[in-house]
Amino acid sequence: MDRWRRIVSQQRTLPSDDVPVVLATQGTHGPVVYAMNVEAVQRGVLEGARVVDVQAIHPDLHVEQADIEGDRKLLDRVAMWARRWCPWTVRDGVDGILLDITGAAHLFGGEARMLRDIGARFKMQGLSTRLAVAPTRGAAQMLARFGGGGVICGPDDVEVALAPLPVAALRIGEDTVRLLQRLGLKTLGRLMEVPRVALMRRFERMAAELNPLVLLDRALGRLGDPLNAPEDAVKWMARVRLPEPVIDPVPHLEGLAADLCRQMAKAELGARRLRLTIYRVDGEWRSRDVALASSSRDVAHLVRLMEGKLDGIDPGFGFDLLTLEAMGVEPLALHQDQLDGARDASADVAALLDRLTAKLGPEKITWSAWCESHLPERVERRVAALAGDVVAAPLILRERPLRLLNPAEEIAVLYAVPEGPPARFRWRRVAYLTARHEGPERIAPEWWRDRPGTRLRDYYKVEVRGGRRFWLYRQGILGDGRGGDPEWFLQGIFA
Amino acid sequence: MIPDSPLGQVISLSTKRLVQDVPAPNGGDAVLRDVVSGGPFDGAVTGFVLSCLPDSDAPVLWVSDRLARRENGRLYGPALRQFGFKGQVLRVEVSHPRDVLWAMEEGAACAGLSAVVGEIHGAPEVLSFTATKRLALRAEAANVPVWLIRSGDHGALSAARERWRVSSLPSDVHRWNTAAPGAPVWEAELFRARGRAPGTWEARHDAAARRPEDRFRLLSRSGDGPLAADREPAADLAQR
């Protein structure tokens, strides 16, 4: 919900606070409520309720689509960012982050001040938090989710703190929660009082992650429950510190690239995206990005790519630090596919793509992509060569011109004949005399794509006196009720 | 081969055919070739270059500037396969002729391409003799054939090893329909060449030919008056 508020407030005005807002996700029977704002909570909207039901009760409901995948990605990134407080952090479920602050709290002046710091910093990012500190991971997540905000629980009072929480806090399945409630065990305190043997017999066959006894033991510290934190991302970076500021980065490029390639060669990796950053003496920094068609750690190639991009970089009064960073890396093993030492032709093309893209921009270097359509100008699309792949062209049975004008250009009919193309027409201020023609080939508008009222086209291949061959079409026919007299266009030039 | 004389080409009458096949420009030769469009908005140049490109799985780099695209339209991919061109085309569409020349030079240095084709409209200043000379040297060094299509320009200086001027002729008679245009015919004039004699030919492209070297044919135009006159009515047969 916080992320949604943040994104929406950048693009448009947020709905006012007294409007209930829910984020919906797709359920079995239509959209269901996934998250809601404060107003919706106060009005009693429940998570998992069907959106249509809620809309019937609250006609002023504002519904938005939830982006669950985006939430998860954000949480993963935030978990990494939370390593500013302690080295081991991990995402917990879809809405939590666990931090192992063992031995780290005193760096921030104790647990209470650390909690305040965490809360304040998340608030700065526009995210709301519920925090809890506990000796075990299970207890911390239960206290954070069910125990109110800012609980700090010492090693001796875990049982006391957990006792009033509902059994649902254990995050066992719904069935188990209902079963326990039916047995009268509504809080964890009651669950702890029950003799273990009876419960053990009851939940013997359950998996450890769903077994209330095991989870309770973990929360109380009777069973080990280590935190499995993901590794820090490795940064592939080379840097040069200069004793005094310089203006021209080019002489240092080769050293940087060699250093970076050496690091990547050790890990058998190749760079796909590079970023060169200069740190200027006045505290500013400037960077240039380069993308590669295939992963590479060829020093000469990287240097050549970078050199083309440095024209527009503004060195100011000079810079004294220069870094070259591989933003994206891919595995790249050494390989030799020919014994005679000849160069690999496809590698050459990939390198060429890199150079062209780096200098001219990705949208100018394209492969053809195909689209199933009858209209000639829609059949071919362009995809950037770095992003797309080569696709074989579809076979079109009718003859098509080698060159296509897009958009088609209108021609002036000088002498019309009732059947067939004009006998004389003027295009680009030159009059042509039709010698021979072939057609018509009728292409109807695509009703699933075009606007209603679009007229059909009759295509003719026309050879004019002198030998040039053009592709003309007449838009519409007389009396089709979609406009006045049909117009003539020239769309292609045949070989 | 036809022996050349200062008076023109000598056709030996002992051969069965009156006009003899002349070897097509060997598209595999890695040199720079200029093709000048004989008239405005003529698709013949594109057809001529496409039929001269070597058969290969490697892509062709096709570079064009903004004016060429606006004047003559873009190369239309779906038509290529029909025309008999099997390769892949890597398109580079830039606005300035300077970038066209740069991209062509980069392409000419890349042995992984089967050919490089550049299109430039008009006679911009950057397309000087020096620029074409650089291109020619690059092409020969890396063994990549380079074609430069020039439209709207008549006879500016160029260091290309072969210079052609291509324009459309009235097409052949259609096999089934005399009122329709048939297979395209072009007039190909080699007006400057290194290592071979210039001349003017009628060029045809046959997409259905089995062997790639048979697809492209150049025929000497007959200088014979009655024969040449015979051709004209044949072309205009449709009108009657």
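Residues numbered from 1 in each chain as written. Chains lettered and ligands numbered in written order. Predicted model: local features only at pLDDT ≥ 70, side-chain atom pairs only at ≥ 80, totals over all residues. Heavy atoms only, no water.

Participant: Even after reading the chapter, I still don't get the sheet that holds strand β1 (residues 21-27) of chain A, so can you show me in this structure?
Facilitator: Whenever strands of a sheet pair, they do so through backbone hydrogen bonds, lying parallel or antiparallel. Residues and elements named next belong to chain A. Here we have three strands laid out as an open sheet, ordered β2-β1-β3, and mixed in their pairing. In the strand order of this sheet, the two ends are held by β2 (30-36) and β3 (62-65), each with one partner. On average, each strand axis in the sheet is inclined to that of its neighbour by 45°, with strand direction left out of account. Summarising the sheet, β1 and β3 pair through four bridges and their orientation is parallel. If you follow Leu23 over to β3, its bridge partner there is Glu64. (Pairing = 2+ DSSP bridges. Helix = DSSP H or I, 4+ residues; strand = E, 2+ residues; numbered from the N terminus. Axes fitted to C-alpha atoms, helices over the stretch in contact; angles between N-to-C directions.)

Participant: Explain the side chain of B:Arg204 here, please?
Facilitator: All names here are of chain B. Examined against the element boundaries, Arg204 turns out to sit in strand β12 (residues 199-205). Among the polar contacts listed, one links the side chain of Arg204 to the side chain of Asp172, at a separation of 2.9 Å. Among the polar contacts made by the side chain of Arg204, one reaches the side chain of Glu202 at a distance of 3.4 Å. (Polar contact = N/O pair within 3.5 Å; in protein donor to acceptor, adjacent residues only side chain to side chain.)

Participant: What's the story with the pairing of strand β16 (residues 424-427) of chain A in this structure? I'm lost.
Facilitator: Every other side chain in a regular strand lies on the same face of the sheet, so the side chains alternate between the two faces. Residue and element names in this part refer to chain A. In β16, alternate side chains face the same way, and those of Phe425 and Trp427 are buried while those of Arg424 and Arg426 on the opposite face are not. Looking at chain direction, strand β15 (residues 412-415) and β16 are connected through three bridges and run antiparallel. Across the sheet, Ala412 pairs through a bridge with Arg426, a residue of β16. Inspection of the sheet shows β16 paired to strand β17 (residues 430-443) by four bridges, in the antiparallel sense. Bridge pairing links Phe425 to Tyr432 in β17. (Buried < 20%, exposed > 50% of the residue type's maximum accessible area, 1.4 Å probe, protein only.)

Participant: So what exactly am I meant to see when it comes to the nonpolar core here?
Facilitator: Across soluble globular proteins, you tend to see nonpolar side chains buried next to one another. Core analysis: the largest hydrophobic core is formed by 45 residues, its most contacted members being B:Phe48, B:Leu50, B:Leu53, B:Trp164, B:Val166 and B:Trp186. The element best represented in this core is helix α1 (residues 44-52) of chain B, accounting for six residues. (Core = buried A, V, L, I, M, F, W, Y, C linked by side-chain atoms within 4.5 Å.)

Participant: Just to check I follow, could you spell out unusual backbone geometry for this structure?
Facilitator: Residues apart from glycine generally show negative phi values, whereas peptide bonds are mostly found in trans. In this model, A:Asn406 is joined to A:Pro407 through a cis peptide bond whose omega is 5°. Within the secondary structure layout, A:Pro407 lies in strand β14 (residues 403-410). Between A:Gly439 and A:Pro440 the backbone carries a cis peptide bond, its omega angle lying at 0°. Mapped onto the elements of the fold, A:Pro440 is located in strand β17. Positive phi is not limited to glycine here, since A:Glu268 has a value of about 55°. Judged by its relative accessible area of 44%, A:Glu268 is partly exposed. Unlike most non-glycine residues, B:Asn143 shows phi in positive territory, near 65°. Mapped onto the elements, B:Asn143 comes out in the loop between α5 (129-142) and β9 (146-151).

By themselves these figures say nothing about function.
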